[in-house]
Amino acid sequence: MSKLYPQQILQEPGVRMSLTEKETILKKFPPPDTDGQIYADAIFEGGGVRGVAFLGALRCCHDLGIRWRKLAGTSAGAITAAVLATDLSMDDLEQLLGDLDYSIFLTQKNSPLILNGDPADDLQSPAWTLIFLTISRQMGEYSAQPFRQWLEAILSKGHLQSFADVKKLEKERELKVVISNLTRGEMLVLPDDLRRQDSADSDALYQQLRLQNPEEFSVAEAVRLSMSIPLFFEPGKLGNDLIVDGGILSNFPLWIYDKQSGSTPVAPRWFTFGFRLVDTGIENQIKINSPVSMLSAMFTTMMKARDRYHQREMDKGRVINIDVTEAAVTTTDFNLDADRKAKLYRLGYLYTKRFFLSSNFSWEKHLKARGFGE
């Protein structure tokens with residue numbers, strides 16, 4: 001099994017922040033809350049198995065003493081947000097996620113007629129994938145049930161099953177998960193948008209799901225819907241609606257907690273950090289020279305363009321960009337070995353530390369950029 005050994009990585013020269021660096025960074029934060037704690041909100045981008053880098057980023061934040069309030073994410077980012085909403089410790093998360101053999105999620109292929117090689121390359125050749133899925137009359141290569149069962153077990157260890165449990169574990173905490181509804185052609189944010197159905201649809205959906213209110217909806221199921229990578233995993237269903245990866249419509253929902261209630265904007269009490277995975281090998285200009293490459297380019301643009309525009313407008317110095325290029329890991333690289341896990345973890349920690357130490361990072365600048373303060 002490809003295990004991750006975080007403590008070995010953190011002992012490498014220049015990785016873990018020093019006491020002096022920690023003191024320097026904490027001076028840039030707002031004063032601790034009334035209970036003496038340092039809080040922040042966090043939004044996590046989707047990125048498949050490259051989300052291991054978030055573990056390193058979270059360890060860096062843990063070293064600073066940051067505790068999380070509002071959490072949200074898409075796809076792999078939704079997995080991270082969900083496990084952070086449990087009462088599991090940072091050590092627990094590193095062990096449970098670091099020891100994970102991602103190939104267990106690919107144990108149920110939806111048809112023997114689906115022929116493929118290394119899953120890391122599947123989405124790079126969408127034409128063949130489409131042919132095999134058409135022949136087999138399937139809408140995804142793999143069942144998402146192994147993932148759903150694994151996540152449900154992890155969340156149960158952290159005493160989290162439904163969205164209602166989030167506030168039971170931490171009174172002021174919130175959790176939101178982004179999904180894409182193909183049937184209705186819209187993005188949904190769970191659990192909030194379960195209320196957006198018209199009254200007849202809402203009653204039918206609640207009855208079908210055996211819910212009394214949106215907060216009773218399963219977190220594991222919400223995340224499973226959000227990470228249903230099109231063509232790769234079978235789509236999920238919400239009632240009678242077909243649901244796929246939330247990244248189709250918003251892979252990096254940095255905007256999700258920016259909405260203001262009422263007419264008078266209220267200044268934030270703490271930072272909202274966006275954790276984003278950058279891969280320059282993927283994000284360079286796409287070469288389009290055939291219908292197949294155009295299809296691939298349209299898929300990539302659909303997942304990234306909206307959020308890139310939003311980030312240009314609303315970055316505000318709060319986005320922690322983790323460059324994972326050197327790890328050479330694709331979104332669907334489920335055969336992730338220990339060395340590349342270690343690279344992702346190390347990069348997550350180092351880029352997060354670098355962000356906090358940069359001259360552009362401070363509470364005053366954050367407030368001003370978001371329209372508050374002088």
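Residues numbered from 1 in each chain as written. Predicted model: local features only at pLDDT ≥ 70, side-chain atom pairs only at ≥ 80, totals over all residues. Heavy atoms only, no water.

Draft legend 1. Quick peek at the overall build of the protein chain. Scanning the protein chain from terminus to terminus reveals 15 helices and 10 strands. For the protein chain, with 374 residues in total, the buried portion stands at 53%. When contacts within the protein chain are restricted to residue pairs at least 6 apart in sequence, long-range pairs at least 24 apart make up 78% of them. Accessible area for the protein chain stands at about 17400 Å²; split by element, carbon and sulfur atoms hold 52% of it. (Helix = DSSP H or I, 4+ residues; strand = E, 2+ residues; numbered from the N terminus. Buried < 20%, exposed > 50% of the residue type's maximum accessible area, 1.4 Å probe, protein only. Contact = heavy atoms within 4.5 Å. Areas by Shrake-Rupley, 256 points an atom, 1.4 Å probe, with all protein chains shown as cover.)

Draft legend 2. Geometry of helix 14 (residues 338-357). The first and last C-alpha atoms of helix 14 sit 29 Å apart over 20 residues, in line with the 28 Å expected at 1.5 Å per residue. All of the buried residues in helix 14 are Arg340, Lys341, Ala342, Leu344, Tyr345, Leu347, Gly348, Tyr349, Thr352, Lys353, Phe355 and Phe356. (Expected span 1.5 Å × (residues − 1).)

Draft legend 3. A look at helix 4 (residues 76-84). The element helix 4 is largely enclosed, with a buried count of nine among its nine residues. When we look at burial in helix 4, the residues that qualify are Ala76, Gly77, Ala78, Ile79, Thr80, Ala81, Ala82, Val83 and Leu84.

Draft legend 4. Broad picture of the packing of helix 3 (residues 52-63) against helix 14. Closest axis-to-axis distance for the helix 3/helix 14 pair is 6 Å, and the angle between their directions is 40°. In terms of axis orientation, helix 3 runs oblique to helix 14. Relative to helix 14, the crossing made by helix 3 is right-handed. Where helix 3 abuts helix 14, its residues Val52, Ala53, Leu55, Gly56, Ala57, Arg59, Cys60, Cys61 and Asp63 lie against Lys341, Leu344, Tyr345, Gly348, Tyr349, Thr352, Lys353 and Phe356. Taken together, the residues of the contact of helix 3 with helix 14 sort by class into 10 nonpolar, three polar and four charged. (Axes fitted to C-alpha atoms, helices over the stretch in contact; angles between N-to-C directions. Parallel < 35°, antiparallel > 145°, perpendicular 65-115°, else oblique. Left-handed = near helix turned anticlockwise from the far one by under 90°. Nonpolar A, V, L, I, M, F, W, Y, C, P; charged D, E, K, R; others polar.)

Draft legend 5. A look at the side chain of Lys353. With respect to the element layout, Lys353 can be found in helix 14. When its relative accessible area of 7% is taken as the criterion, Lys353 is described as buried. At a separation of 2.9 Å, a polar atom in the side chain of Lys353 contacts the main-chain carbonyl oxygen of Val15. With sequence-adjacent residues up to four places away left out, Lys353 is seen in contact with Gly14, Val15, Arg16, Met17, Glu21 and Cys60. (Polar contact = N/O pair within 3.5 Å; in protein donor to acceptor, adjacent residues only side chain to side chain.)

Draft legend 6. Expanded view of the nonpolar core. Within the largest apolar cluster, 92 residues are counted, with the highest numbers of intra-cluster contacts made by Ile66, Trp68, Phe233, Phe273, Phe275 and Phe356. With eight residues, helix 3 is the largest single contributor of residues to this core. Residues contacting Phe233, with those up to four places away along its chain left out, are Phe105, Leu106, Met139, Gly140, Tyr142, Ser143, Ala144, Met227, Ser228 and Phe334. Formed by 10 residues, the second largest nonpolar core is a distinct cluster that contains Ala72, Val178, Trp255 and Ile256. (Core = buried A, V, L, I, M, F, W, Y, C linked by side-chain atoms within 4.5 Å.)

Draft legend 7. Just the pattern of salt bridges, in detail. Within the structure shown, the criterion is met by 22 salt bridges. With a closest N to O distance of 4.0 Å, Glu45 and Arg276 form a salt bridge. Here Arg276 lies in strand 9 (residues 271-278) and Glu45 lies in the loop between strand 1 (38-44) and helix 3, a separation of 231 residues in the sequence. Take Glu45: its relative accessible area is 5%, and that puts it in the buried class. Given a relative accessible area of 12%, Arg276 falls into the buried group. Across the pair Glu221 and Arg148 runs a salt bridge whose closest N-O atoms are separated by 2.7 Å. Here Glu221 is found in helix 10 (residues 219-226), whereas its partner Arg148 is found in helix 7 (residues 145-157), with 73 residues between them in sequence. Taking relative accessible area as the criterion, Glu221 reaches 16% and is therefore assigned buried. Via salt bridges that share partners, Asp33, Arg67, Arg69, Glu170, Glu172, Arg173 and Arg269 belong to a single interconnected network. (Salt bridge = Lys/Arg side-chain N within 4 Å of Asp/Glu carboxyl O.)

Draft legend 8. Geometry of unusual backbone geometry. Here Leu190 and Pro191 are connected by a cis peptide whose omega angle stands at 10°. Turning to its location among the elements, Pro191 is positioned in the loop between strand 5 (186-190) and helix 9 (199-209). For His159, which is not a glycine, the phi torsion comes out positive at approximately 60°. Along the chain, His159 turns up in the loop between helix 7 and helix 8 (164-169).

Draft legend 9. Geometry of the environment of Trp255. Considering the arrangement of structural elements, one finds Trp255 in the loop between helix 11 (247-250) and strand 9. Taking the C-alpha atoms as reference, Trp255 lies 9.6 Å from Gly274; in sequence the two are 19 residues apart. Side-chain polar atoms of Trp255 contact the side chain of Ser250, separated by 3.1 Å.

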